[in-house]
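Here is how the chains run, residue by residue.
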Amino acid sequence: MTMTMHALIASLCGLLISATALAADPVHEVADRINAQRRQHKLPTLRYNDKLAVAAQSQADWMARAGKMTHLRGQEATSFEDWKRGDHHPVNRMIHAGYFDWHELYSLEVENGRQVLVAKFGATEKVDEIIAHGSPQSGPGRFQPTVIVGGWMNSSGHRKTILTERYQEVGVGFTRTAKGDAYWCAVFGKK
């Protein structure tokens, strides 16, 4: 073989290796592992939903910036307009991502002369969110989908969410910080 042919083969091998490395997708692997757990328990698998993934990624990114693991962001809204603009609650993030419209889940009612936002019957049954955080001290497992889903399955609240039969779709978000922290979020929905 000529030197040019060796260079071409080396370049093609490099491209294949790069493509393989890019194909590694931890968020879809987490979704697949969640579905594997559901199958083991004879539950329907969840469709991956890009809008739920936007909501999940938004929360993973926010937790990474804030440096804390929590479902609620900042101050709770004090008015309906603040609530519509804000991302305080997982439901807000799902609405902003376009998965639901606010009137599908809530109605405005008048109570004691003021407007009050009221959840419609069954609204709380349509959404859920689970989160995880791994610090550099927790080792390389904080990035591994098998460790993340395994941890969720060993936590009764997270396990209950993963194994809730009524959910139909899931989206996953993942963020790493410059300091090495990993933040995960999985959002579950039912239309």
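Details of the structure are given in the entry above.
Quantities reported herein were computed from a predicted structural model and do not represent experimental measurements. (Residues numbered from 1 in each chain as written. Predicted model: local features only at pLDDT ≥ 70, side-chain atom pairs only at ≥ 80, totals over all residues. Heavy atoms only, no water.)

1. Quick notes on the packing of aromatic side chains
Phase 1: The final tally for this structure, using the stated rule, is three aromatic pairs.
Phase 2: Between the aromatic rings of Tyr99 and Phe100, the centroid separation amounts to 4.8 Å while the plane-to-plane angle is 85 degrees, which identifies the pairing as edge-to-face. For the pair Tyr99 and Phe100, one class covers both residues: buried.
Phase 3: Lying across the ring of Tyr167, Arg166 places its NZ or CZ 5.2 Å from the centre.
Phase 4: Just above the ring of Tyr99 sits the side chain of Lys191; from NZ or CZ to the centre is 4.7 Å. (Phe/Tyr/Trp six-rings, centres within 6.5 Å; stacked < 30°, edge-to-face > 60°. Buried < 20%, exposed > 50% of the residue type's maximum accessible area, 1.4 Å probe, protein only. Lys NZ or Arg CZ within 6 Å of the ring centre and 35° of its normal.)

2. Here we look at the packing of helix 2 (residues 26–40) against helix 7 (residues 145–153)
Phase 1: Two elements in contact, helix 2 and helix 7, have axes separated by 9 Å at closest approach and are oriented at 40 degrees. One finds that helix 2 runs oblique with respect to helix 7. Considering the relative orientation of helix 2 and helix 7, their crossing is right-handed. Counted together, Pro26, Glu29, Val30, Arg33, Ile34 and Gln37 of helix 2 and Pro145, Thr146, Val149, Trp152 and Met153 of helix 7 form the full contact between these two elements.
Phase 2: When grouped by side-chain class, the residues that make up the contact of helix 2 with helix 7 number seven nonpolar, two polar and two charged. (Axes fitted to C-alpha atoms, helices over the stretch in contact; angles between N-to-C directions. Helix = DSSP H or I, 4+ residues; strand = E, 2+ residues; numbered from the N terminus. Parallel < 35°, antiparallel > 145°, perpendicular 65-115°, else oblique. Left-handed = near helix turned anticlockwise from the far one by under 90°. Contact = heavy atoms within 4.5 Å. Nonpolar A, V, L, I, M, F, W, Y, C, P; charged D, E, K, R; others polar.)

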